[in-house]
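Next come the chains, spelled out residue by residue.
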Amino acid sequence: SVVVSRPAAALAEDPKPEPPKPVGRLRVRAFPADAEIRVDGRVLGQGVVFDSVLRAGVRRLRVSAPGYQTLDTLVTILADEITSLARITLPVQEPH
């Protein structure tokens, strides 16, 4: 006769899943229209980001475009809310 035994791991309880991390949404419009919009180093879009889902908390926002000064700042994303920023206009880079 054949005896089938279950591995001990199958008898252990599944660990409780972690609660979902709170998220919010970000809206950004930047000039020039080809300005690259990044949050925490990740590219979200060019010129416009509309309701991008981000983890709640303080995030680093960076907006850059060739020939323009880069904006590098912090923005607070609130849980379950839309954080809508005023239009960002990058200043033209001064010639060296």
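The shown structure was predicted, so the numbers you read here are calculated from the model rather than taken from an experiment.

Moving on, we come to the nonpolar core. I37, L61, V63 and I88 are the most contacted members of the largest nonpolar core, which totals 15 residues. It is strand 1 (residues 23-31) that provides the largest number of residues to this core, a total of three residues. Beyond its immediate sequence surroundings of up to four residues, I88 is in contact with V28, R29, A30, F31, L61, V63 and L71.

Bringing the sheet that holds strand 2 (residues 36-39) into the picture now. The sheet built from four strands is open, its strands ordered 3-2-5-6 with antiparallel pairing. Because the sheet does not close on itself, it has two edges, and the strands there are strand 3 (42-46) and strand 6 (71-77). Strand after strand, the sheet turns through a mean of 30° between neighbouring axes, direction not considered. Where strand 5 (residues 57-64) lies against strand 6, seven bridges are found, and the strand directions are antiparallel. In the sheet register, G57 faces strand 6, and the bridge partner there is I77.

About the thresholds
- Residues numbered from 1 in each chain as written.
- Predicted model: local features only at pLDDT ≥ 70, side-chain atom pairs only at ≥ 80, totals over all residues.
- Heavy atoms only, no water.
- Core = buried A, V, L, I, M, F, W, Y, C linked by side-chain atoms within 4.5 Å.
- Buried < 20%, exposed > 50% of the residue type's maximum accessible area, 1.4 Å probe, protein only.
- Helix = DSSP H or I, 4+ residues; strand = E, 2+ residues; numbered from the N terminus.
- Contact = heavy atoms within 4.5 Å.
- Pairing = 2+ DSSP bridges.
- Axes fitted to C-alpha atoms, helices over the stretch in contact; angles between N-to-C directions.

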